[in-house]
Amino acid sequence: MWYPESALTHLECPHCGKHFNADEVQSFCQDCCEPLLARYDLVSARATLTRESLVTRPSGIWRWSEIMPVRAPAFRLTLGEGATPLLKAVNLGQTLGLTELYIKDESANPTGSFKARGLAIAVARAVELGLRSFVIPTAGNAGGALAAYAARACAQAHVFMLVDAPMSNQIEVKMFGAELVLVDGLISDAARLAGEASRLHGWFDVSTFKEPYRCEGKKTLGLELAEALSWDLPDVIIYPTGGGTGLVGMWKAFQELEQLGFIGSKRPRMVSVQAEGCAPIVRALTGNNDRAQFWDGASTIASGLRVPGVFADRLVLSAIRESNGTALAVSDDAILICQRELAASEGIFASPEGAATLAATRQLLASGWLNKDERVVLFNTGSGLKSL
Ligand SMILES: *Cc1c(COP(=O)(O)O)cnc(C)c1O
Ligand SMILES: [Zn+2]
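Residues numbered from 1 in each chain as written. Chains lettered and ligands numbered in written order. Predicted model: local features only at pLDDT ≥ 70, side-chain atom pairs only at ≥ 80, totals over all residues. Heavy atoms only, no water.

Peer 1: For this particular structure, what's the right way to read the pairing of strand β7 (residues 100–105)?
Peer 2: When a strand is regular, its side chains alternate between the sheet's two faces. In terms of burial, β7 is a largely internal element, five of the six residues being buried. Bridge count for strand β6 (residues 86–88) against β7 is three bridges, and the pairing is antiparallel. Paired with L87 across the strands is I103, a residue of β7. Bridge count between β7 and strand β15 (residues 375–380): six bridges; the pairing is parallel. (Buried < 20%, exposed > 50% of the residue type's maximum accessible area, 1.4 Å probe, protein only. Helix = DSSP H or I, 4+ residues; strand = E, 2+ residues; numbered from the N terminus. Pairing = 2+ DSSP bridges.)

Printed below as a string of structure tokens:
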């Protein structure tokens with residue numbers, strides 16, 4: 001299948017506005033210590049990326065080729081990621097009294113989590129720019145996804161994973177032929193070690209938001225959601241937040257879709273769900289700060305939410321605020337109860353992070369923040385099978 005080429009023009013620091021050459025390897029804005037965002041010529045993209053043209057394109061992340069950063073078709077790496085179902089949760093909706101409850105179920109992605117979307121794009125673009133060795137710090141799923149896409153691209157992956165990561169993650173990394181280094185500490189310790197290894201060995205560091213393209217892969221969550229709802233965005237999106245790539249990616253997707261003429265200015269209220277044992281975004285939002293302070297002693301069974309230092313904190317917080325959204329923390333006990341409830345009532349065995357969104361929904365209904373007739377989308381970001 002032929003897809004039009006990428007309309008990628010440059011990378012931009014959202015803080016100082018400085019432009020960076022997108023056809024050279026970039027990490028983040030060193031002046032501001034902020035992520036770089038990919039920018040596209042949306043006027044030219046608009047000529048070919050239309051509702052009509054989408055109808056004829058196969059599903060998956062590459063159908064959005066104009067607003068994806070890979071230029072040469074040969075580098076469009078895939079393991080069949082994306083195109084996940086948006087399921088109406090009728091049973092759960094009835095129990096909760098919500099008339100329009102949906103679950104975007106990411107568990108069918110390669111390696112069982114939505115990390116596949118980001119790493120497919122990040123590895124594809126890096127390989128296109130000539131890189132062949134990667135390093136990543138991970139609580140589990142990002143390492144598995146990197147290892148899979150590196151294998152597919154004939155590249156090397158070095159994965160710094162927390163020792164208490166689920167066994168499925170440790171095994172998959174080794175199965176994919178990557179190097180697995182177990183780290184006794186927090187994700188911030190793994191990130192430091194990965195950074196040192198990157199400088200020492202010249203491996204490209206694909207840590208969350210320390211390179212520009214994982215966010216572009218996560219953007220496809222928002223694109224697919226908009227398309228599945230016939231370009232009428234939901235009222236509320238409830239998203240389990242660790243590093244925040246999905247939340248920032250979706251917010252960016254909506255901006256681009258508006259400029260492309262697919263949607264209007266209406267936006268969902270973005271809800272960030274964290275764990276009580278690690279809730280830096282919730283604390284910053286309730287404390288009216290534009291930065292999130294490091295969360296000491298982070299602990300939760302939802303390993304994807306155990307991110308005490310959020311590199312893209314400014315972007316995450318501004319997306320929540322601009323959307324009139326909110327952030328809230330849920331307990332591990334509530335996560336486990338909701339994991340069971342979600343599985344038994346809808347047939348979806350969610351990851352703990354995904355189950356956290358149901359716990360949050362209950363809280364938001366109880367406080368009156370959610371109205372029963374609103375269209376609400378929960379994100380199940382991974383399969384429960386990965387965290388057995
Ligand atoms: C990484 C991860 C998250 C958190 O995602 P961010 O985009 O980093 O906020 C949530 N759920 C699962 C299953 C994850 O692996
Ligand atoms: Zn900057």
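Peer 1: Explain the site of ligand 1 here, please?
Peer 2: Taken together, the neighbourhood of ligand 1 is formed by 16 residues, with K115, Y239, G244, T245 and T381 sitting nearest. Within the side chain of N141, one N or O atom sits 3.0 Å away from an oxygen atom of ligand 1. Between K218 and ligand 1, the recorded distance is 3.5 Å, taken from a side-chain N or O atom to an oxygen atom. Protein chains bury 96% of the 390 Å² of accessible surface belonging to ligand 1 in isolation. (Near = heavy atom within 4 Å. Polar contact = N/O pair within 3.5 Å; in protein donor to acceptor, adjacent residues only side chain to side chain. Areas by Shrake-Rupley, 256 points an atom, 1.4 Å probe, with all protein chains shown as cover.)

Peer 1: Please clarify how the coordination of the zinc ion (ligand 2) should be interpreted in this entry.
Peer 2: Each pair of donors in an ideal four-coordinate tetrahedral metal site encloses 109.5 degrees, whereas pairs in an ideal six-coordinate octahedral site enclose 90 or 180 degrees. Within the protein, the zinc ion (ligand 2) binds to C13 (SG), C16 (SG), C29 (SG) and C32 (SG); these donor distances fall in the range 2.2 to 2.4 Å. Within one chain, the residues donating to the zinc ion (ligand 2) are spaced in sequence as C-x2-C-x12-C-x2-C. Separated by 16 residues along the polypeptide, C13 in the loop between β1 (8–12) and β2 (19–20) and C29 in strand β3 (residues 28–29) bring together distant segments of the chain. The exposure classification of C13 matches that of C29, with both residues buried. (Donors = N, O, S within 2.8 Å, 3.2 Å for Na, K, Ca; no water.)

Peer 1: Would you mind going over the sheet that holds β15 with me for this structure?
Peer 2: Paired through backbone hydrogen bonds, the strands of a sheet run either parallel or antiparallel to each other. Strand order in the open sheet made by the six strands is β6-β7-β15-β12-β13-β14, with mixed pairing throughout. Each end of this open sheet is capped by a strand with a single partner; those strands are β6 and β14 (326–330). Across the sheet, the mean angle from the axis of one strand to that of its neighbour is 25 degrees, orientation sign disregarded. Taken strand by strand, helix α8 (residues 214–228) contacts β6, β7, β12 (236–240) and β15, and its axis lies near 140 degrees from that of β15. (Axes fitted to C-alpha atoms, helices over the stretch in contact; angles between N-to-C directions. Contact = heavy atoms within 4.5 Å.)

Peer 1: It is not clear to me how empty space enclosed by the protein should be interpreted in this structure. Could you clarify?
Peer 2: To find the voids left in a structure, one rolls a probe of water-molecule size over its atoms. Enumeration over the complete set of coordinates arrives at one cavity of 30 Å³ or more. In this model, the largest cavity occupies a volume close to 60 Å³. As for the largest cavity, its lining consists of E24, V25, Q26, A122, R125, A126, L129, L131, F204, E211, P212 and Y213. If you tally residues by element for the lining of the largest cavity, the top one is helix α4 (residues 115–128), at three residues. (1 Å grid on protein atoms, 1.4 Å probe; cavity = no way out; pocket = protein on both sides within 12 Å on 5 of 7 lines; lining within 4 Å. Points joined across faces, edges and corners; volume = space filled by probe spheres on them.)

Peer 1: How should the state of the cysteines be read in this particular structure?
Peer 2: By definition, a disulfide links two cysteine residues through a covalent bond between their sulfur atoms. Scanning the entire structure with this criterion turns up zero disulfides. We note that C215 lacks a disulfide partner, and the nearest cysteine sulfur, in C13, lies 13 Å from it. Not part of a disulfide, C278 finds its nearest cysteine sulfur in C33, a span of 19 Å. (Disulfide = S-S within 2.5 Å.)

Peer 1: How should I be thinking about the pairing of strand β8 (residues 133–138) in this particular structure?
Peer 2: Taking burial as the measure, the six residues of β8 include six buried ones, the bulk of the element. A two-sided burial pattern is seen for β8, the buried positions comprising S133, V135 and P137 on one face and F134, I136 and T138 on the other. Here β8 pairs with strand β9 (residues 156–162) via six bridges, running parallel. From the neighbouring strand, T138 faces β9, where its bridge partner is M161. In the classification by handedness, the crossover that spans β8, the intervening helix α5 (residues 141–152) and the parallel β9 is right-handed. Here two bridges tie β8 to strand β11 (residues 204–205), and the two strands are oriented parallel to one another. (Right-handed = clockwise from strand over helix to strand, strands pointing away.)

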